[in-house]
Amino acid sequence: MQNNRKAIIGNDSSNAVVVMVTPYSTGVNFAKEISRKGFQLICLWNNGFAEEMKLHIPLSCSDIRYFAELEEAESLQETAQAVTEAAQGREIVAVV
């Protein structure tokens, strides 16, 4: 299987952003792997996700840093706008 990463984002992943939707449990492990590849991460929490649950991070993932962290808005359009603004001009290459 061919790696199409370069075809999608060119040679520089540092200007690319991956949006992680409620990166809890398995999702936080995905976030760690994506971060290792050099991508910036935006964390998008589902509306109503408990604050104390956001603090449950495995020790192996404790070094993850999000470029931005936000909550789902009232509508899909508002959420998309908030994510676009949080990306600050970087290319959003995936939503996981």
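Described in the following lines is the structure provided in the data block. Going along each chain's sequence as written, the residues are numbered from 1 onward. At least 70 in pLDDT is required for a residue's local features to be given in this predicted model, at least 80 for side-chain atom pairs to be given and counted, and no such filter applies to totals for whole chains, interfaces and linings, which use all residues. The side-chain values count all of the structure's non-hydrogen atoms but skip hydrogen atoms and water molecules.

A look at the nonpolar core
- Residues A16, V18, M20, V28, A31, I34, F39, L41, C61 and I64 constitute the largest nonpolar core, which totals ten residues.
- Note on conventions: DSSP H or I runs of at least 4 residues are helices, E runs of at least 2 residues are strands, and numbering of each starts at the N terminus. Broken down by secondary-structure element, the contributors of at least two residues to this core are β1 (16–21) and α2 (26–36).
- Excluding residues within four positions of it along the chain, I34 makes contact with V18, M20, F39, L41 and V96.
- Grouped together as the second largest cluster of nonpolar side chains are nine residues, V17, L70, V83 and A86 included. Nonpolar core, defined: a set of buried Ala, Val, Leu, Ile, Met, Phe, Trp, Tyr and Cys residues in which side-chain atoms within 4.5 Å join the residues together. Partly exposed describes any residue whose relative accessible area lies between the buried limit of under 20% and the exposed limit of over 50%, with all areas from a 1.4 Å probe on protein chains only and scaled to the type maximum. In this analysis, two residues are considered to be in contact whenever any of their non-hydrogen atoms come within 4.5 Å of each other.

Description of a nonpolar patch on the surface
- Excluding any residue in a salt bridge, patches collect residues exceeding 30% relative accessible area, merging like charges within 9 Å and nonpolar Val, Leu, Ile, Met, Phe, Trp and Tyr side chains within 5 Å. A 1.4 Å probe and the Shrake-Rupley method give the accessible areas. Residues count as covered only by the protein chains that appear here. Note on definitions: salt bridges are taken to be side-chain nitrogens of Lys or Arg within 4 Å of carboxyl oxygens of Asp or Glu. Together, V21, I92 and V95 give the surface a local cluster of nonpolar side chains, amounting to about 230 Å² of exposed area.
- Mapped onto the elements, V21 comes out in strand β1.

Considerations on the pairing of β1
- Most of β1 is tucked away, with five of its six residues classed as buried.
- Note: β1 against strand β4 (residues 91–95), four bridges, orientation parallel. The partner of V19 across the bridge, within β4, is V95.
- Of the pairings in the sheet, the one linking β1 to strand β2 (residues 40–45) comprises five bridges and is parallel in character. Opposite V19, over in β2, you have I42 as the bridge partner.
- With its strands directed away from the observer, a crossover is right-handed exactly when the path from the first strand over the helix to the second travels clockwise. In terms of handedness, the path from β1 via α2 over to β2 forms a crossover that is right-handed. Strands qualify as paired when DSSP identifies two bridges or more between them.

Examining the sheet that holds strand β3 (residues 68–71)
- Strands sit in the order β3-β2-β1-β4 across an open sheet of four strands; the sheet is parallel. Because the sheet does not close on itself, it has two edges, and the strands there are β3 and β4. Along the sheet, successive strands turn relative to each other by an average axial angle of 25°, direction set aside.
- Running over the sheet, α2 touches β1 and β2 and is turned about 170° from β1. Here an axis means a line fitted to C-alpha atoms, over the contact stretch when the element is a helix, while the angle between two N-to-C directions is reported on a 0 to 180 degree scale.

Points about the side chain of K32
- Looking at the secondary structure, you find K32 in helix α2.
- A relative accessible area of 13% means that K32 is categorised as buried.
- Any N or O atom pair separated by 3.5 Å or less is treated as a polar contact, with the protein-specific requirement of one donor-capable and one acceptor-capable atom, and with residues adjacent in sequence counted only for side-chain atom pairs. A polar side-chain atom of K32 sits 2.9 Å from a polar atom in the side chain of D63.
- In contact with K32, other than residues within four places in its own chain, are S60, C61, D63 and I64.

Coordinates in, geometry out; function isn't part of it.
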